[in-house]
Each structure stands twice: as structure tokens, then as C-alpha cells.
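This is what each chain is made of:
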Amino acid sequence: MFKILGNLLDSNEKELRRLKPLVDRINALEPSFEKLSAGEMRARTQEFREKIAQATAATRRELEEARRELDELRRHAGSATWEVEKDETSRRSRELEEKIKRLEAGARRVEEEALNEILPEAFALVREAAKRTLGQRHYDVQLMGGIVLHQGKIAEMKTGEGKTLVATLPLYLNSLTGRGVHLVTVNDYLARRDPYWMGPIYHALGVSVASIYPMQSPDEHTPARLYDPAYDSGRENDRWRHFRPISRREAYQADITYGTSAEFGFDYLRDNMVTDLSQCVQRPLFYAIVDEVDNLLIDEARTPLIISGPAED
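All values reported here derive from a predicted model rather than from experimental measurement.

A.B. asks: Looking at this structure, I do not really get the overall build of the protein chain. What am I missing?
C.D. replies: Across its full length, the protein chain holds ten helices and six strands. Sequence-distant contacts, at least 24 apart, represent 72% of the contacts inside the protein chain between residues at least 6 apart. As displayed, the protein chain offers around 18200 Å² of accessible surface, 52% of which is attributable to carbon and sulfur atoms.

Given below as C-alpha cells:
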């Protein structure tokens, strides 16, 4: 028993030692990033986006061509009359579907390589933005937590180690793909507080952040907000005065979207019930960080999400 525990602890220590050189690279960039102006920091975000887009451009073009061909083939399939023609169309459709899967996997690999390449600079940029806007500096342990979350692993951190600040690192990095990222929180309060609290960091970097949550009052028709320092609700004692009301669709179009598991889940269910794709609010799912992962994916997962309505006559 003690040997097994020892091996587990040793494995964890090895992982932390493996991350140390990457943390050292991020720390080495700090002096030069402190000299960047506000405009130069936002320009770096655009440079990162262009670098990722260029890395995946060829694969994306090939992917779009394959998708167009498949759509045309499916439209043609409806007018096919001969059995031989139908068989050939079906065979070609299967080939294109397999090709699209391979291209999507290839594009994702290239994208991952590009993200890993810019990770040290991206993390150093987020740290600098946090220092300037919130007066908070990511510690080494927080950088390690951010790297682990980017890699799709579980990061266990003690209370007070700044999980909210840690999440800004991988959220920013993965948002550079332009495909939208999510942070799944455990309750409605955190779904509002965290994006509002971290909003100045994202705004300084030219990244948009939104929040979705259930309607809190009868007169609230837009249960989604976008952090916008230029917006002021004008209401006294409004803790969210720089949260601009937006639609759910707009919230999902933001670079980063915070919300609870129930809200993301019910939006997904509703999107699968629409009669026209233009009515969908979510875009294709890409990357998400799950807060309190043991609670959400084990305890909360026991409660199914159900949408019910009156029976039809």
C-alpha cells in the first residue's frame, strides 16, 4: 500500500519537475514584457492569432473543400434515380466523411503544436496584464496549474491558491484559435463574478469575455452579459455595472464564455430541438475548463438535464 502511494507521489513530483523548464521560460520573458505598452500588448494577441491561422490555413482550406463537395454530393443524392448512381454517391459520401475526420484531426494537431509553441509568450502576456489591471501576479504554481489545464488534465489546487486567476492563462491561450472557449462554473454567482473579476485582464489583451446565467428577476430578458468597461448601467450599488446586456447567441460568440454546467447543457439541448440552424445559440464546441470537476462530473452528473413540455392533443 505504502509503495503504491509512494509511486503516485513520485509521479506527481516528476510531472512538476517536467513543467519547471517551461515555467522558467515564462519567467525569463517577464522583464521584456514589462516594457510593452498597452497597444503593444493587444498587438501581440493579434500576432498570436495570425500565427495560428497561418499554421492551419492549408489544412483548413482542404477541409472546407471536402465539406463543400460533401454538401453538393448530398444535394445530388436526393435527385439520383439509378441504383448504381445511388450506390456510387453513397460510397463517395463515406469517403469524404472519413477524409473530413482525418483533416479535422490533422488540423487539431497542427493547432495544438502552434499553441504549445506560443504558450510561454501567451502566459507571460497574461501575467503582465494581470499585474497592470488587478495588481496580481501569477506565481509559479499557478503557471504550472495553467499548463496542466491547457494539456487537458486535472489540476488539484488548495483553497487560496488562486484557481480563478489560474484559469485566465489557458482560457486566453486557447481563445486565440478564434473558436470560442468555455469555463464551466459550479453556481450562478461564480458565473457572473469570475468573468467580471477577470474581465480587465481579458480586455487589456483584446479578448472578449461573456457570462450566461438563469434570469434572476421577471424584468430580466437577456440572461447574458459581456464585460465592457465603456458600458455603465447607471444603477447605484450595481456590482456588475460594466456588464453590458447581450443575447445568448452573442455570449457564445465571445472569445471566452463563463457559465454553469446546467446553462451550457440546456442550451445544447435547446439547440438540438430547433427547426432551423439559424436558431441555434451555441457554436461548435472546442475547449472547456471545468471548475470543481469532481463535483460536476460525478455528483452533479447524477441529475439528468430534462426539457419537458405539455403533451400534444
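A.B. asks: Looking at this model, I keep getting lost on the nonpolar core. Mind explaining?
C.D. replies: A general trend in soluble globular proteins is that nonpolar side chains are found buried together. Counting 51 residues, the largest nonpolar core has Leu171, Tyr172 and Leu205 as its most contacted members. Ranked by the residues each element gives to this core, the list is headed by helix H4 (residues 83-133), at eleven residues. Listed in part, the twelve residues of the second largest apolar core include Val184, Ala224, Leu226 and Ala251.

A.B. asks: What's the story with the packing of helix H5 (residues 140-150) against helix H6 (residues 163-175) in this structure? I'm lost.
C.D. replies: Any two packed helices are characterised by the angle at which their axes cross and by the distance between the axes. The contact between H5 and H6 brings their axes to 8 Å, and the two run at 45°. Looking at the two axes, H5 sits oblique to H6. Viewed along their axes, H5 and H6 form a crossing whose handedness is right-handed. Contacts between H5 and H6 involve Gln142, Leu143, Gly145, Gly146, Leu149 and His150 on the former and, on the latter, Leu165, Val166, Leu169, Pro170, Leu173 and Asn174. Its residues placed into classes, the contact of H5 with H6 shows seven nonpolar, five polar and no charged.

A.B. asks: Mind showing me how you'd approach the environment of Glu292 here?
C.D. replies: Looking at where Glu292 falls in the secondary structure, it is placed in the loop between strand E6 (287-290) and helix H10 (293-299). Sequence separation between Glu292 and Ile154 is 138 residues; the distance between their C-alpha atoms is 9.9 Å. The contacts of Glu292, once residues within four sequence positions are left out, are Lys163 and Val186.

A.B. asks: Looking at this structure, I do not really get the pairing of strand E2 (residues 209-212). What am I missing?
C.D. replies: Each regular strand carries side chains that alternate between the two faces of the sheet. Residues Val209 and Ser211 point to one face of E2 and Ala210 and Ile212 to the other, with burial holding for every one of them. Two strands pair when backbone bridges link them, and E2 and strand E5 (residues 256-260) are joined in this way by three bridges, in the parallel orientation. Note on E5: the bridge partner recorded for Ser211 is Tyr258. Where E2 meets strand E3 (residues 224-227), three bridges bridge the pair, whose relative direction is antiparallel. The residue bridging Ala210 from the neighbouring strand is Leu226, located in E3.

A.B. asks: I keep staring at the sheet that holds strand E4 (residues 243-245) and nothing clicks. Help me out?
C.D. replies: Strand pairing within a sheet occurs via backbone hydrogen bonds; the two strands may be parallel or antiparallel. The six strands are arranged E4-E3-E2-E5-E1-E6 in an open sheet whose pairing can be described as mixed. This sheet does not close on itself; its edge strands, each paired only once, are E4 and E6. The average undirected angle you get between the axes of adjacent strands in this sheet is 25°. Against the sheet, helix H7 (residues 188-204) makes contact with strand E1 (181-185), E2, E3, E4 and E5, and its axis sits at roughly 165° relative to E5, the strand it touches most. Across the sheet, helix H9 (residues 261-271) lies against E1, E2 and E5, angled at about 105° from E5, the strand it touches most.

A.B. asks: Mind showing me how you'd approach the side chain of Asp267 here?
C.D. replies: In this fold, Asp267 is placed in helix H9. What makes Asp267 buried here is its relative accessible area of 3%. For Asp267, the side chain forms a polar contact with the side chain of Arg270, separated by 2.7 Å. Aside from chain neighbours lying at most four places away, what touches Asp267 is Ile212, Arg248, Tyr252, Val281 and Gln282.

A.B. asks: How do you make sense of the packing of H6 against H7 when you look at a structure like this?
C.D. replies: Where H6 meets H7, the closest approach of the two axes is 10 Å, and the angle between their N-to-C directions is 55°. If you check the angle between H6 and H7, you find them oblique. Between H6 and H7 lies a crossing of right-handed hand. Between H6 and H7, the contacting residues are Thr164, Leu165, Ala167, Thr168 and Leu171 on the first element and Arg193, Asp194, Trp197, Met198, Ile201 and Tyr202 on the second. The class makeup of the residues in the contact of H6 with H7 is seven nonpolar, two polar and two charged.

Here is what the cut-offs are and how they apply
Residues numbered from 1 in each chain as written. Predicted model: local features only at pLDDT ≥ 70, side-chain atom pairs only at ≥ 80, totals over all residues. Heavy atoms only, no water. Helix = DSSP H or I, 4+ residues; strand = E, 2+ residues; numbered from the N terminus. Contact = heavy atoms within 4.5 Å. Areas by Shrake-Rupley, 256 points an atom, 1.4 Å probe, with all protein chains shown as cover. Core = buried A, V, L, I, M, F, W, Y, C linked by side-chain atoms within 4.5 Å. Buried < 20%, exposed > 50% of the residue type's maximum accessible area, 1.4 Å probe, protein only. Axes fitted to C-alpha atoms, helices over the stretch in contact; angles between N-to-C directions. Parallel < 35°, antiparallel > 145°, perpendicular 65-115°, else oblique. Left-handed = near helix turned anticlockwise from the far one by under 90°. Nonpolar A, V, L, I, M, F, W, Y, C, P; charged D, E, K, R; others polar. Pairing = 2+ DSSP bridges. Polar contact = N/O pair within 3.5 Å; in protein donor to acceptor, adjacent residues only side chain to side chain.

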